[in-house]
Amino acid sequence: MRLKISLLKEPKHQELVSCVGWTTAEELYSCSDDHQIVKWNLLTSETTQIVKLPDDIYPIDFHWFPKSLGVKKQTQAESFVLTSSDGKFHLISKLGRVEKSVEAHCGAVLAGRWNYEGTALVTVGEDGQIKIWSKTGMLRSTLAQQGTPVYSVAWGPDSEKVLYTAGKQLIIKPLQPNAKVLQWKAHDGIILKVDWNSVNDLILSAGEDCKYKVWDSYSRPLYSSQPHEHPITSVAWAPDGELFAVGSFHTLRLCDKTGVRNVLNDAVDLLEFRDRVIKASFNYAHLVVSTSLQCYVFSTKNWNTPIIFDLREGTVSLILQAERHFLLVDGSSIYLHSYEGRFISSPKFPGMRTDILNAQTVSLSNDTIAIRDKADEKIIFLFEASTGKPLGDGKFLSHENEILEIALDQKGLTNDRKIAFIDKNRDLCITSVKRFGKEEQIIKLGTMVHTLAWNDTCNILCGLQDTRFIMWYYPNTVYVDRDILPKTLYERDASEFSKNSHIVSFVGNQVTIRRADGSLVHISISPYPAILHEYVSSSKWEDAVRLCRFVKEQTMWACLAAMAVANGDMTTAEIAYAAVGEIDKVQYINSIKNLPSKESKMAHILLFSGNIQEAEIVLLQAGLVYQAIQININLYNWERALELAVKYKTHVDTVLAYRQKFLETFGKQETNKRYLHYAEGLQIDWEKIKAKIEMEITKEREQSSSSQSSKSMGLKP
């Protein structure tokens, strides 16, 4: 990407231009020492003088009121704050009318910034004061005061903290009284400009030491430039946090590059657009390009005739792609479109702020849209892609800690859809999107994970874990057999990537990682796990076993074992568990295969995976009450076993007998009041109990045989 620079033959301002501000992707306003405010239209190259300020007002800083979805704020959203050298700030409408001028500081007001909600304004000045004002210009508080001028200020992403300069120091001060203040030496010269991005939570600073630097919000340095020839006088983030601009004497810098190349035949296509390109995304055999007015959708099969449709707003900040559709995020809404250009849905939730959404806080699959809430970062909202409506009964996913990054898996059925996320403690967790039964649990997959990505063609998950690169070949193992999860992992050393590296994509057999210095590194992984996923999804179990025997890796056998149990193929599961040395599980699987009915088999497969409640439901629905009681006895769920026996008025003596035997084994006396109540006057007769159990088993076997006979004759059982 290059900056396109054009100069007018005759300048529109007669003096120094001190500040500019964008309203849309094609319109900006500029202020100058000639006291003029000028509107520029990049489409038509027209300029319009909006207002001529009084001669005693010399503009210094300029900031537009933030865009809002609220109707009441639309009028104010068409206004901006202008700070000046006379110690005042001025609230000015888009049409150039000065709504209000406020005496703010002794000396020049050097900077003014609205918070992200538009509910407060912060100003700083030559007098060293930092002041907070209401949106109507009423003074709320003097946040801080120091002996040196404050040259620049920025709000934190949550609008609860303010970052400002103090000579060579940077200071982050919370609005709450007595809260801890963070201060550190950032430059060797006076700091002239700062910016704090609300999407990536990173801080930019620039100073008279001729350097610009990037920091995280805990004051840790992430990048420091080489010294330039002149002081760095301005820095600014792009709204999506992907790029930033750096300004110095006769110099403007922007670092990034993109391109399109057909690697199969080395053909190069030059794609030209009528308007400026704002965003581009290339995935799933489609290139989606957003200009300031339109969206272009190219297919790799046909680069000549793209699908084109008009955008409602030209400031697209994010493009996400899935196999069937793609998602656009602009300053006010989220839009889902098919690759044919058809509008599908536009999900919304109360308090949604699209200006801070990025690829880490939004995720898209063929059937689901996931968005992390900004107001409460412990919450993820889930929507149906086809309708934009909340999933199920409108419940959201809630976690105990703040969530930093989310990702939906891309393949499989909707009921099996999983979402993985990293929380503030850097724990990697996974849960089901549909969230029913035991899967309501959020299960931890790993610790100290700082970036993750799902594969685009199968549900394999990768991540950087401290100094290790890890692949979860079958993350669903946590719902099937958590004991063998470690055997399904692939690990390798990742110390070469540094802690601030980020996974850009996981396509096919290649993972692309962007290191902290900006360089891209590619990791090739084994193709066999993806092939195994493909065989299992097509129920080609013999091919899956043959593949594992060919590859001869424990990770493959462990994955196959979990996959077979998840799909109810116990013959394949027995082979796979034997290959990884899980003999006790092989014996249990053998016992399942000998059960008389398919309902019992299904229930014990669910038990094998730890889904006790679901196993009980299967048995009760099939009328196998004794079997439901027996699994609770085997698991020492004594309360539930007695509850079922009393409810269905059967085998109460069986439960009491097993309970008595259990207590005798451990030399204990009965203390449970319910058991004492039902045991009064009851004589335990083991011969009678064994006869009843045998009769239940015979009855189940006969029912199963009858059902199979009816099916073979084409009758409904």
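Just above, that's the structure.
In this text the structure is predicted, and so the values were computed from the model without any measurement.

A. Highlighting the environment of valine 235. Position of valine 235 relative to the elements: it lies in strand E21 (residues 234–237). For the pair valine 235 and glutamate 696, spaced 461 residues apart in the sequence, the C-alpha separation amounts to 78 Å. With residues near it in sequence (within four places) discarded, valine 235 still touches Lys193, Val194, Asp195, Leu204, Ala206, Tyr212, Ala245 and Val246.

B. View of the pattern of salt bridges. Per the counting criterion, the structure on display carries 26 salt bridges. Among the salt bridges present, the one from arginine 113 reaches aspartate 61, with a minimum N-O distance of 2.8 Å. Residue arginine 113 is found in strand E9 (residues 109–114), and its partner aspartate 61 is found in strand E5 (residues 59–64); the two are separated by 52 residues along the sequence. Each member of the pair arginine 113 and aspartate 61 is classed as buried.

C. Seen up close, the sheet that holds strand E40 (residues 428–432). Ordered by their spatial adjacency, four strands build an open sheet running E38-E39-E40-E41, and the pairing between neighbours is antiparallel. Whereas interior strands pair on both sides, the edge strands pair on one side only; in this sheet they are strand E38 (403–408) and strand E41 (443–446). Each adjacent strand pair in this sheet contributes to an overall mean axis angle of 30 degrees, direction not counted. As paired strands, E40 and E41 are joined by three bridges and run antiparallel to one another. For cysteine 429, the partnering residue across the bridge sits in E41 and is lysine 444.

D. Region of the structure containing the environment of arginine 312. Counting through the fold element by element, arginine 312 comes out in the loop between strand E29 (302–310) and strand E30 (318–321). Separated by 105 residues in the primary sequence, arginine 312 and arginine 417 place their C-alpha atoms 31 Å from one another. Residues contacting arginine 312, with those up to four places away along its chain left out, are Tyr335 and Phe343.

E. How the structure looks around helix H9 (residues 612–621). Where H9 is concerned, the buried positions are Ala615, Glu616, Val618 and Leu619. Viewed end-on, H9 has its buried residues packed into an arc of 160 degrees, placing them on one side of the element. Residues of H9 that are exposed and point more than 90 degrees away from the buried face comprise Gln613 and Gln621. On its buried face, H9 is in contact with helix H8 (598–608), helix H10 (625–634) and helix H11 (638–648).

F. Representation of the nonpolar core within the structure. Ranked by size, the top nonpolar core spans 48 residues in total, and within it Phe469, Val511, Leu532, Leu560 and Tyr577 carry the most contacts. Among the elements that make up this core, the one with the highest residue count is helix H5 (residues 554–566) (ten residues). Core analysis: the second largest hydrophobic core is formed by 20 residues, Val329, Phe349, Ile356 and Ile371 among them.

G. Looking closely at the pairing of strand E10 (residues 120–125). With six of its six residues buried, E10 lies for the most part within the structure. On E10, burial covers both faces: Ala120, Val122 and Val124 on one face and Leu121, Thr123 and Gly125 on the other are all buried. The sheet contact formed by E9 and E10 spans five bridges and is antiparallel. Within E10, the position partnered with alanine 111 by the bridge is valine 124. The loop that links E9 with its antiparallel partner E10 comprises five residues; one of these, glycine 118, has a positive phi angle of about 75 degrees. The pairing of E10 with strand E11 (residues 129–134) spans five bridges and is classified as antiparallel. Bridging from a neighbouring strand, leucine 121 pairs with tryptophan 133 of E11. Connecting the antiparallel pair E10 and E11 is a turn made up of three residues, with glycine 128 showing a positive phi of about 80 degrees.

H. The sheet that holds strand E26 (residues 277–283), seen in detail. The sheet built from four strands is open, its strands ordered E26-E27-E28-E29 with antiparallel pairing. The open sheet terminates on both sides in strands that have one partner only, identified here as E26 and E29. Sheet twist, expressed as the average angle between the axes of neighbouring strands with direction ignored, equals 20 degrees.

Parameters and conventions
- Residues numbered from 1 in each chain as written.
- Predicted model: local features only at pLDDT ≥ 70, side-chain atom pairs only at ≥ 80, totals over all residues.
- Heavy atoms only, no water.
- Helix = DSSP H or I, 4+ residues; strand = E, 2+ residues; numbered from the N terminus.
- Contact = heavy atoms within 4.5 Å.
- Salt bridge = Lys/Arg side-chain N within 4 Å of Asp/Glu carboxyl O.
- Buried < 20%, exposed > 50% of the residue type's maximum accessible area, 1.4 Å probe, protein only.
- Pairing = 2+ DSSP bridges.
- Axes fitted to C-alpha atoms, helices over the stretch in contact; angles between N-to-C directions.
- Arc of directions from axis to C-beta.
- Core = buried A, V, L, I, M, F, W, Y, C linked by side-chain atoms within 4.5 Å.

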